[in-house]
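# Observations on chain architecture
One-letter residues, chain by chain:
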Amino acid sequence: MLIGDSGTGESHLLIVFGTAIAETGLSVRYTTTSALVNDLAEADANRRLSSVIARYSKIDLLCLDEFGYLNLDRKGAKLLFQIFTEREERKATAVATNSPFTEWDKTFGDARLCAAIADRITFRCTLIQTGTESYRYQATQESLFTAQS
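In this report, the structure presented in the accompanying data block is examined. Per chain, residues are indexed from 1 in the order of the written sequence. Predicted model: local features are reported for residues with pLDDT of at least 70 only, side-chain atom pairs are reported and counted for 80 or more only, and whole-chain, interface and lining totals are derived from all residues. Only hydrogens and water are removed before side-chain values are computed, so all heavy atoms of the structure are retained for them.

## Looking at the layout of surface pockets
- Think of a 1 Å grid over just the protein atoms. A cavity is a set of points where a 1.4 Å probe fits yet cannot get out, a pocket is an open set with protein on both sides within 12 Å along at least five of seven lines, and lining residues have an atom within 4 Å of a point. Grid points are joined across faces, edges and corners, and a volume is the space filled by probe spheres set on the points. In this structure, the largest pocket spans a volume of roughly 460 Å³.
- Forming the boundary of the largest pocket are 20 residues, of which Ala 92, Thr 93, Ala 94, Ile 121 and Cys 125 lie nearest the centre.
- Helix and strand assignments come from DSSP, with helices taken as H or I runs of at least 4 residues and strands as E runs of at least 2, each series counted from the N terminus. The set of elements that each furnish at least two residues to the lining of the largest pocket consists of helix H4 (74–87), strand E4 (92–97) and helix H6 (111–122).
- Under the scheme applied, nonpolar residues are Ala, Val, Leu, Ile, Met, Phe, Trp, Tyr, Cys and Pro; charged residues are Asp, Glu, Lys and Arg; polar residues are all the others, including Gly. Partitioned by chemical class, the residues of the lining of the largest pocket number 12 nonpolar, 2 polar and 6 charged.

Below you can see the structure in the form of structure tokens.
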């Protein structure tokens, strides 16, 4: 789990880890959390949810970016929970977020479901905190300073 403020490198590290794992020959899938939930909701509407969940459960490393950026409706949160449940202790999931755990209940809209998702994500998890200082902001400040000199 990669957690830090926006611009601190969580997404970059997620891609680096995914690339390194893929180079070993394992299967990797990178997606945003909202894209995954949309994929699951569409599959559910088309009565293909089981096959889509099975497809995601076979991937060796699932990289979920932008976790907690958008609030999910109850159905979306339950669909995401199914993915974590299917993958738990079988396959690896890497998550990048800029939302602290204390704000996740807003994302999922249900404290009990939020606790269950957090429990599954953090079980045997390595937590990497990327900090609070945005690299993009820092680069912008440096380029402005250079331009003014």
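Now, onward.
## A look at the pairing of strand E3 (residues 61–67)
- Here E3 lies mainly inside the structure; 6 of its 7 residues are buried.
- Pairing between strands is defined by DSSP: at least two bridges between the two strands are required. Two strands pair when backbone bridges link them, and strand E2 (residues 28–32) and E3 are joined in this way by 5 bridges, in the parallel orientation. Pairing of Thr 32 across the sheet is with Asp 65, part of E3.
- When the strands point away from the viewer and the path from the first strand over the helix to the second turns clockwise, the crossover is right-handed. Between E3 and its parallel partner E4, the chain crosses via H4, and the hand of that crossover is right-handed. Categorising residues by exposure relies on relative accessible area from a 1.4 Å probe, with only protein chains included: less than 20% of the type maximum marks a residue as buried, more than 50% marks it as exposed, and the intermediate range marks it as partly exposed.

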